[in-house]
Protein chains: 2
Amino acid sequence: MATVAIDLHGGDFGPSLLIPACFQFFREQPSHQGILVGDLKQFRSVVQHCPSNIDWLDKPALGDAAKRPARLLKRQANSSIESCFELVKQGQADVLVSAEHTGVLLVLTTKYGQVHPFLKRPALVSAIPTVKEPCLMLDLGASYTAKTAQLLAFSAIGTSLASAIKQKPSLALLNVGVEAFKGPIELQRAAEQLANWKDIDFKGYVEACDIYSGDYDIVICDGFSGNHVIKSAEGSMALSSQLLSDRLNQNYLNKFLGLWFKKQMKAALKPLDPANYNGAVVAGSDLAVVKSHGNARSKAFNSALVKALALCQQQSVVAIQQKLDQVANDQKGVITG
Amino acid sequence: MATVAIDLHGGDFGPSLLIPACFQFFREQPSHQGILVGDLKQFRSVVQHCPSNIDWLDKPALGDAAKRPARLLKRQANSSIESCFELVKQGQADVLVSAEHTGVLLVLTTKYGQVHPFLKRPALVSAIPTVKEPCLMLDLGASYTAKTAQLLAFSAIGTSLASAIKQKPSLALLNVGVEAFKGPIELQRAAEQLANWKDIDFKGYVEACDIYSGDYDIVICDGFSGNHVIKSAEGSMALSSQLLSDRLNQNYLNKFLGLWFKKQMKAALKPLDPANYNGAVVAGSDLAVVKSHGNARSKAFNSALVKALALCQQQSVVAIQQKLDQVANDQKGVITG
């Protein structure tokens, strides 16, 4: 049995959308417990329809002015999101789910948790769709560049998470080419180290165009690069959809056949639906934290809750810490950039 | 009248594809001159059908073993690509076009040209498709991270190139969010400086998903990020095409209507055809160098030749040097990261 603390604020939709999603999820998961944290006066009327495995905690939303991450460290910790962190820290919840901004979650993970000393800051891990199985990609957070040690720490996190699903997962480093001499020296040094890891199938470098092939279970990069990869995919697919949609609205025949086609397209692109992949893990501390996308609706929020349960069931936080311990120990005395 | 030196080697196809493309181009451009540089014994038979405004220079292909860029600086400079650089350096050609690897072209630009001292190394600039007009993006080359001064140098290059087409072009810095406090400090400092530039409409930060909106004439980034943006777009669009194509081949009705649809799709996505955008500028030295994509076929190679002529006609090399002089001068005494 796991207890999930859910921040009802943060994200674009708030309690009115998240509460029904949580009700449905915990009705279907009667052996697990939810604690819904938010501004109770906004939704007092719905509390009475609540499944018995949900508790409530009345806490105000984090003000917009407080979202500049550095300020969070100096504030009174009374908001819904900080209360979720308190619950997990004190062991009253096993994991928290929030749609707050990444920066806020990273700062609070550092404030309330113990980030593994081999990591500079927590890393953000997400699954991305491919032609075959989804691929785990990290860091998608605030590491603007990555030194060799950080790349190895990200690899440790990715390996721990992927190993829960697949033995000896394949791992590659994101680079601008696959030749050994390509890319920054920090990346080259990380590649030399990773070639010796026994628990992964190290594939060397991968270019951003080949991530989607499904040939890699884990792709490692700095957060700046990872962010660009994901957002560029999103933007370019939206561009091609728009061009296509304009074309299909050009005349009556196109409009008529376009209806049929849009149905086909929807079915074909279902595997890419971001709602299936919602729920990024804020990894590398002793707290289990799942970030939902800010624009997640019910189905997507459900995916984030599923991810939170899996994190508990697979004991991922402990597995990640152990793998980070091992890599940190192996790296002692190795000169890295 | 411009003289264009063309490296017939480099790239995936070589002389047998490039020679007919050049013949056609120079027949249509009788006031310009071409010098085709390559291993003459391979194509002696076609020389006789050559338009009168094409000359030939017999030089061997650059061996594969020599493509590791650092080695190029130590070698005998007798290959077709190095001869093209010699021609431009000595003023016998105004611009060169080659499908050689980026690394090779960057190294040779440094070897034969004078890179502006405000730049660390030449930058690679390419146009990318958007919903509206194409957007100029740089660096797409070998700058794995970029300091403030480099970002300003890239901005100077982009501004010079875009100003030849549009007065006061809009410019944005690629970042992981649009808020002023986001991203590395080098980027934040560049943003502070760019806000004072009078010849651009500075738009602040742009996320990779919004490049394709067409709201930005120039997007500035380090080469590592730029590479990921372009390749991720390529890979994700290929993924969605494949899923769609699989769906349309599922049954006879789908196959039949699929034929109609593929025709529509081809027409709709024509503005995104990479062949229209081929021809990246290796900018920032006193030499005019255009890189064609390694897999460019006739139509795409033609785009690169058109780009080479435009570079000469717009006197871009001089304009870029002048803008770099001005920015370097403005930056004297300004503390930047």
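Report follows, based on the coordinates. (Residues numbered from 1 in each chain as written. Chains lettered and ligands numbered in written order. Predicted model: local features only at pLDDT ≥ 70, side-chain atom pairs only at ≥ 80, totals over all residues. Heavy atoms only, no water.)

All names here are of chain A. Applying the stated criterion across every chain, the model contains 8 aromatic pairs over all chains. Judged by centre distance (5.1 Å) and plane angle (90°), the ring pair of F25 and F26 falls under edge-to-face. As far as the burial class goes, F25 and F26 line up, both buried. Between the aromatic rings of F85 and Y112, the centroid separation amounts to 5.8 Å while the plane-to-plane angle is 25°, which identifies the pairing as stacked. With F85 in helix α3 (residues 80-89) and Y112 in helix α4 (residues 102-112), this residue pair connects regions lying 27 residues apart in the sequence. Both residues of the pair, F85 and Y112, count as buried. Above the face of the W197 ring, K323 is positioned so that its terminal group lies 4.4 Å from the ring centre. (Phe/Tyr/Trp six-rings, centres within 6.5 Å; stacked < 30°, edge-to-face > 60°. Buried < 20%, exposed > 50% of the residue type's maximum accessible area, 1.4 Å probe, protein only. Helix = DSSP H or I, 4+ residues; strand = E, 2+ residues; numbered from the N terminus. Lys NZ or Arg CZ within 6 Å of the ring centre and 35° of its normal.)

Turning our attention to the environment of V37 of chain B. Residue and element names in this part refer to chain B. Counting through the fold element by element, V37 comes out in strand β2 (residues 33-38). Owing to a relative accessible area of 0%, V37 belongs among the buried residues under this scheme. Expressed as a C-alpha distance, the spacing of V37 and L8, which sit 29 residues apart in the sequence, is 5.8 Å. V37 has contacts with I6, D7, L8, H9, L57, K59, S80, S83, C84 and L87, leaving out every residue within four places of it along the chain. (Contact = heavy atoms within 4.5 Å.)

The two copies are related by a screw motion: chain A maps onto chain B through a turn of 180° and a shift of 0.0 Å along the axis, at an RMSD of 0.0 Å. Here the copies are linked by what is in effect a two-fold axis. Nearest to the rotation axis, the C-alpha of A233 of chain A is located 2.4 Å from it, this being the minimum over chain A. When the interface residues of chain A are mapped onto chain B, 100% of them again fall at the interface, so both copies present the same face. (Least-squares fit on C-alpha atoms with pLDDT ≥ 70 in both.)

Here we take up the sheet that holds strand β7 (residues 170-174) of chain A. In sheet architecture, strand pairing relies on hydrogen bonds along the backbone and comes in two forms, parallel and antiparallel. All names here are of chain A. The strand order β3-β2-β1-β4-β11-β10-β5-β6-β9-β7-β8 describes an open sheet built from 11 strands, whose pairing is mixed. The sheet terminates laterally at β3 (54-58) and β8 (201-206), the two strands that pair on one side only. Strand-to-strand twist in this sheet, taken as the mean axis angle between neighbours without regard to direction, amounts to 25°. Two strands pair when backbone bridges link them, and strand β6 (residues 135-138) and strand β9 (residues 218-220) are joined in this way by 3 bridges, in the parallel orientation. Opposite L136, over in β9, you have I218 as the bridge partner. (Pairing = 2+ DSSP bridges. Axes fitted to C-alpha atoms, helices over the stretch in contact; angles between N-to-C directions.)

If you look at the interface, chain A gives 51 residues, while chain B gives 51 residues. For chain A, the biggest contributors to the area lost against chain B are H228, L239 and W260 of chain A; these three give 13% of the whole. Inspection of the region where chain A meets chain B yields 2 salt bridges. Seen at the junction of chain A and chain B, the total is 13 residue pairs in polar contact (both at pLDDT 80 or more). When contributions to the side of chain A that touches chain B are tallied by element, the ones reaching two or more residues are α7 (223-248) and α8 (252-268) of chain A. Looking at the side of chain A that touches chain B element by element, the count peaks at 19 residues for α7 of chain A. (Buried area = accessible area lost by both parts, 1.4 Å probe. Salt bridge = Lys/Arg side-chain N within 4 Å of Asp/Glu carboxyl O. Polar contact = N/O pair within 3.5 Å; in protein donor to acceptor, adjacent residues only side chain to side chain.)

Positive charge collects at one region of the surface, where K120, R121 and K147 of chain A together with K120, R121 and K147 of chain B lie side by side. The residue R121 of chain A is located in the loop between α4 and β5 (123-128) in this model. (Patch = residues over 30% accessible without salt bridge, like charges linked within 9 Å, V, L, I, M, F, W, Y side chains within 5 Å. Areas by Shrake-Rupley, 256 points an atom, 1.4 Å probe, with all protein chains shown as cover. Lys, Arg positive; Asp, Glu negative; His and termini not counted. Charge placed at Lys NZ, Arg CZ, Asp CG, Glu CD.)

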